[in-house]
Amino acid sequence: MCVPRNPQREKIHERCKNICPPKDTFDRTLLHTHDKSRTDLEQVPKIFMKPDFALDDSLTFNSVLPWSHFNTAGGKGNRDAASSKLLQEKLSHYLDIVEVNIAHQISLRSEAFFHAMTSQHELQDYLKKTSQAVKMLRDKIAQIDKVMCEGSLHILRLALTRNNCVKVYNKLKLMATVHQTQPTVQVLLSTSEFVGALDLIATTQEVLQQELQGIHSFRHLGSQLCELEKLIDKMMVAEFSTYSHSDLNRPLEDDCQILEEERLVSLVFGLLKQRKLNFLEVYSEEMIITAKNIIKQCVINKVSQIEELDTDAVMKLADQMRMLNFPQWFDLLKDIFSKFIVFLQRVKATLNVIHSVVLSVLDKNQRTRELEISQQKNAAKDNSLDTEVAYLIHEGMFISDAFSESELTPIAVDTASQRNASPNSEPCSSDSVSEPECTTDSSSSKEQISSSTPGGVDIMVNEDMKLTDLELGKLANNTQELLCSASDICHDRAVKFLTSRAKDGFLEKLNSTEFITLSRLMETFILDTEQICGRKSMSLLGALQSQASKFVNRFHEERKTKLSLLLDNERWKQADVPAEFQDLVDSLSDGKIALPEKKAGATEERKPAEVLIVEGQQFAVVGTVLLLIRIILEYCQCVDNIPSVTTDMLTRLSDLLKYFNSRSCQLVLGAGALQVVGLKTITTKNLALSSRCLQLIVHYIPVIRAHFEARLQPKQYSMLRHFDHITKDYHDHIAEISAKLVAIMDNLFDKLLSKYEVKAPVPSACFRNICKQMAKMHEAIIDLLPEEQIQMLFLRINASYKLHLKKQLSHLNVINDGGPQNGLVTADVAFYTGNIQALKGLKDLDLNMAEIWEQKR
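Residues numbered from 1 in each chain as written. Predicted model: local features only at pLDDT ≥ 70, side-chain atom pairs only at ≥ 80, totals over all residues. Heavy atoms only, no water.

Colleague: Looking at this model, I keep getting lost on the overall build of the chain. Mind explaining?
Modeller: The secondary structure content of the chain amounts to 26 helices and six strands. Within the chain, the fraction of its 857 residues that count as buried is 39%. Taking all contacts inside the chain whose residues are at least 6 apart in sequence as the whole, residues at least 24 apart take part in 77%. Total accessible area on the chain stands at roughly 49400 Å², and carbon and sulfur atoms take up 54% of it. (Helix = DSSP H or I, 4+ residues; strand = E, 2+ residues; numbered from the N terminus. Buried < 20%, exposed > 50% of the residue type's maximum accessible area, 1.4 Å probe, protein only. Contact = heavy atoms within 4.5 Å. Areas by Shrake-Rupley, 256 points an atom, 1.4 Å probe, with all protein chains shown as cover.)

Colleague: Just checking my understanding: could you explain the packing of helix H15 (residues 512-533) against helix H16 (residues 539-568) for this structure?
Modeller: Direction vectors running N to C along H15 and H16 enclose 160 degrees, while the axes themselves pass 11 Å from each other. As judged from the angle between their axes, H15 and H16 are roughly antiparallel. In this structure, H15 crosses over H16, and the sense of that crossing is left-handed. Note on element contacts: H16 touches H15 through Leu 540, Leu 541, Leu 544, Gln 547, Ala 548, Phe 551, Phe 555 and Arg 559, opposite Ser 512, Phe 515, Ser 519, Met 522, Glu 523, Phe 525 and Ile 526. Split into classes, the residues belonging to the contact of H15 with H16 amount to 10 nonpolar, three polar and two charged. (Axes fitted to C-alpha atoms, helices over the stretch in contact; angles between N-to-C directions. Parallel < 35°, antiparallel > 145°, perpendicular 65-115°, else oblique. Left-handed = near helix turned anticlockwise from the far one by under 90°. Nonpolar A, V, L, I, M, F, W, Y, C, P; charged D, E, K, R; others polar.)

Colleague: So what exactly am I meant to see when it comes to the nonpolar core here?
Modeller: If you look at the biggest cluster of nonpolar residues, it comprises 198 residues, and the most contacted ones within it are Trp 329, Ile 697, Phe 708, Leu 805 and Tyr 832. Residues in contact with Trp 329, not counting those within four places in the same chain, are Met 321, Leu 324, Phe 497, Leu 498, Arg 501, Phe 506, Leu 507 and Leu 518. (Core = buried A, V, L, I, M, F, W, Y, C linked by side-chain atoms within 4.5 Å.)

Colleague: Where do I start with the packing of aromatic side chains in this structure?
Modeller: For any two aromatic rings, the description comes down to two numbers: the centre-to-centre distance and the angle of the planes. Taken as a whole, this structure holds 15 aromatic pairs when the rule is applied. Both rings, one in Phe 337 and one in Phe 525, keep their centres 4.2 Å apart while their planes meet at 10 degrees; by these two values the pair is stacked. Pair noted here: Phe 337 is in helix H12 (residues 326-383) and Phe 525 is in helix H15, with a separation of 188 residues, a long-range link. Like Phe 337, the residue Phe 525 is buried in the burial classification. Between Phe 551 and Phe 555, the aromatic rings sit 5.6 Å apart at their centres with planes inclined by 40 degrees, giving tilted as the arrangement. Of this pair, Phe 551 and Phe 555 are both found in helix H16, four residues apart, which corresponds to roughly one turn of the helix. Three or more aromatic residues joined by ring pairs form one cluster here, namely Phe 749, Tyr 756, Phe 767, Tyr 801 and Tyr 832. (Phe/Tyr/Trp six-rings, centres within 6.5 Å; stacked < 30°, edge-to-face > 60°.)

Colleague: Can you help me understand the pattern of salt bridges in this one?
Modeller: It is possible for side chains bearing opposite charge to pair when their charged atoms get close. Evaluation of the coordinates by the stated rule reveals 12 salt bridges. Two residues, Arg 535 and Asp 488, come together in a salt bridge whose shortest N-O distance is 3.4 Å. Taken as a pair, Arg 535 in the loop between H15 and H16 and Asp 488 in helix H14 (residues 469-501) lie far apart in primary sequence, 47 residues in all. Residues participating in the shared-partner salt-bridge network are Arg 554, Glu 558, Arg 559 and Glu 634. (Salt bridge = Lys/Arg side-chain N within 4 Å of Asp/Glu carboxyl O.)

Colleague: Just to check I follow, could you spell out unusual backbone geometry for this structure?
Modeller: Across residues other than glycine, the phi torsion is negative in most instances, and most of the peptide bonds are trans. A cis amide bond, omega 5 degrees, links Ala 760 with the succeeding residue Pro 761. Mapping Pro 761 onto the fold places it in the loop between helix H23 (721-753) and helix H24 (765-781). Backbone torsion omega between Val 762 and Pro 763 reads 0 degrees, so that peptide bond is classified as cis. Structurally, Pro 763 can be placed in the loop between H23 and H24. Positive phi, normally seen in glycine, also occurs at Trp 572, with a value near 55 degrees. Position of Trp 572 among the secondary structure elements: in the loop between H16 and helix H17 (579-589).

Colleague: What exactly am I supposed to notice about a negative patch on the surface here?
Modeller: There is a patch of like negative charges on the surface, built from Asp 576, Glu 610, Glu 779 and Asp 783. Considering the arrangement of structural elements, one finds Asp 783 in the loop between H24 and helix H25 (787-812). Looking at Asp 783, the relative accessible area reads 56%, which means it is exposed. (Patch = residues over 30% accessible without salt bridge, like charges linked within 9 Å, V, L, I, M, F, W, Y side chains within 5 Å. Lys, Arg positive; Asp, Glu negative; His and termini not counted. Charge placed at Lys NZ, Arg CZ, Asp CG, Glu CD.)

Colleague: So what exactly am I meant to see when it comes to the packing of H16 against helix H20 (residues 646-669) here?
Modeller: Each pair of packed helices can be summarised by the angle the axes make with each other and by the distance between the axes. Running from amino to carboxyl end, H16 crosses H20 at an angle of 15 degrees, the nearest separation of the two axes being 10 Å. By the angle class used here, H16 and H20 are roughly parallel. Remark: the crossing between H16 and H20 carries right-handed chirality. Touching Ser 549, Val 552, Asn 553, Phe 555, His 556, Arg 559, Lys 560, Leu 563, Ser 564, Leu 567 and Asp 568 of H16 are Asp 648, Met 649, Arg 652, Asp 655, Leu 656, Tyr 659, Phe 660, Arg 663 and Leu 667, all from H20.

Colleague: I would appreciate a short explanation of the environment of Ile 300 in the present structure.
Modeller: Assignment of secondary structure puts Ile 300 in helix H10 (residues 279-305). By relative accessible area, which is 33% here, Ile 300 ends up partly exposed. The sequence separation of Ile 300 and Ala 318 amounts to 18 residues, and the corresponding C-alpha distance is 9.9 Å.

Colleague: I would appreciate a short explanation of H15 in the present structure.
Modeller: Since the α-helix advances by 3.6 residues per turn, residues separated by three or four positions end up pointing in the same direction. Between its first and last C-alpha, H15 extends 31 Å over 22 residues, near the 32 Å set by a 1.5 Å rise per residue. Within H15, the full set of buried residues consists of Phe 515, Ile 516, Leu 518, Ser 519, Leu 521, Met 522, Glu 523, Phe 525, Ile 526, Thr 529, Ile 532 and Cys 533. Capping the start of H15, Asn 511 holds a side-chain oxygen 3.2 Å from the backbone nitrogen of Thr 513, two or three residues further along. Backbone geometry just downstream of H15 places Gly 534 in the positive-phi region, at approximately 80 degrees. (Expected span 1.5 Å × (residues − 1). Polar contact = N/O pair within 3.5 Å; in protein donor to acceptor, adjacent residues only side chain to side chain.)

Colleague: Quick question: what am I supposed to make of a nonpolar patch on the surface here?
Modeller: Taken together, the side chains of Leu 41, Met 49, Val 98, Ile 102 and Ile 106 make up a nonpolar region of the molecular surface, amounting to roughly 420 Å² of accessible area. Considering every element that reaches the nonpolar patch, the biggest residue donor is helix H4 (residues 77-108), with three residues. On the secondary structure map, Leu 41 appears in helix H2 (residues 23-43).

Colleague: Would you explain the confidence of the model for the chain in this entry?
Modeller: The predicted structure's coordinates, where accompanied by low pLDDT, should not be read in detail. Considering every residue of the chain, the mean pLDDT works out to 78; 80% of them sit at 70 or more. Averaged pLDDT values for the elements of the chain fall to 40 in strand S1 (residues 393-394) and rise to 94 in H20. (pLDDT = per-residue confidence, 0-100.)

Colleague: Even after reading the chapter, I still don't get the state of the cysteines, so can you show me in this structure?
Modeller: Simply put, the disulfide is a covalent bond whose two ends are the sulfur atoms of two cysteines. In total, this model carries zero disulfides according to the counting rule given. Between Cys 533, a cysteine without a disulfide, and Cys 484, which holds the nearest cysteine sulfur, the sulfur-to-sulfur distance is 5.7 Å. On the basis of relative accessibility, which here comes to 3%, the residue Cys 533 falls in the buried class. (Disulfide = S-S within 2.5 Å.)

So this is what it looks like as structure tokens:
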């Protein structure tokens, strides 16, 4: 593009060139001028060259204009005026030097300066033409805007205006809904809808903090709702306490296990929502009070039914209860236990509902967490997608937002309406803006998870529970522990009831039948409560074991005393065996260790037997042993009736059997019966009878052992060694009796054979006497001991006899030489052998009499 020439500017440029020296002259004088300028500038003080030079600084000012030049005091006025004038000329000189140097510098760069001026004029021409082109372009754009864009933009403005009107309308509608929050909460509280009221308050608080933040008319509503929420907390705790009292103190005859289940679910949800986790403590305290009242009411009812009790004379209820006899007191205890069972069933039903609610909330938390994780993954995927950006802006807003917000607005409005609607709010009418209808459920905006309680009540879990999984899990465990605590409370109250009745020794005076009945009742109650609660309570079981221990001690002492009296009065003579004892033994043979029931009229017709028949064997016994067998069976039956005393009973029975063994040994072998019952002597019959009685007990020890072994725990099997020790002691005792019988004959042989002389007549008087004593021995024991034992006994006696005879023959120097003396001895021995083998059961007894002779050397 060609730029036109300007004649006026050329003239100015030529005049400036004439003024300035030529370039070559300038170059020659440049060095000289530069040195002169430097010399002139050095005359100017350095303070004027500082970059921070400023006269408003006091030090700088005083340095440039000293006050000494302006002092007019005294007679020095003319001199000061001259100084001031001199200072002014000096400063003017400095100014001239600076101006000359500036002018010189400008002259050095005049060519570049005027070249820049020329370029500036050219740029002005370019800008003028550009301005004209822009103006023409704007005119064209304005025409295009008027023809093609103005209508479309007007439509967009109308869309934005409509969108804003919708927002204002929805905001006003939301404010109207929030304005109704407090009246709605009051209506909900009047119907005990605590959860709905809390949901409404929470939703309203959320709306106030987000969508209605800064609204002046609602500035106090948030604090009012907080106070109302605190009031609801107190109301829920009081309501739960009232519910617990009503539920636990209603008549136990009522078949309904859960009282107003829906009300309970609502209360528990409200308490969980507000993190009031101590409501189980309220229920626990109410359980304790109820358990006390159950016992008290049962005692009052029972005492009032008994006319024999003088309630006016005995004022205290506990004293009136102690006046009951065992059947009356037992019925009272049974009634208490039955009511406790109903009480625990109700507690379990209520706690199951609470447990179901807690688990529902826990399940909701887990699902919500999974949903959040899924949403986070989806959001991460969405963020990776490219999004379009709208650049056209109108009134501070993206034009494209007008369309996106108009599409999203109905959804957002609907969500806000649902979140803030109350049960008494009216449905929103549709207007020119097509919107979904508003919901009236205060909790509809929250995600809900549905489940049901054991009673069939549906549970809707809202999303806004604030409890952690750890807290919910702990609360669920506490619910189960509370059920076990309820069982412990019942057991503790029952123990106190038993202790109160046992103060006068009442329980220790019970007979076996009564105590077994009481024990079975208590064990049944313990098992029933264990089935209900899933855990065994130990307090009542401990009390039962304590009473059982006392009962076992008394039981054992009574029977030991009885056995002692029987032994002290036993004359050790064979007793007849009544039919009931034979039946008792027969039942043992059938494997039934129990006392047989008495059959009316049948026993009297049967005569007593001479011996006791046990599995085909005949046992001649004394009366004490028959009663001992019955006592042993009483021990075994007591173990069956009271399994908890098995180990104690085993120890006591072992002690009883040991006592019988030691005492019978003292009385028979030790001849204690001579002084105790006045026997003249202890006969062989007494000894044989004692041995047979011991054998009968030994016969039943394995049966008794097996009975106890079946009822012991494997870790308690070591206690069975007591029976092994007892069996050994009994066998030793039996062996001692046999040795005593042999010793009696041994003494007799020693006495008779020491006087034996080998001479006529044959048989000699000594052998006749020996045979007579042997026959008496056989006659005394033949009906008492079995044939095998008699044979063994006579073999041992015969061995003693042969030993003494051999000794006497050796003393007499009689040998087996076929001489006359040998013949006489052989005849006596033959007489002895014939008489012995002629005795009953000894026919085939090998006496081996050849051993009486000394062996030939």
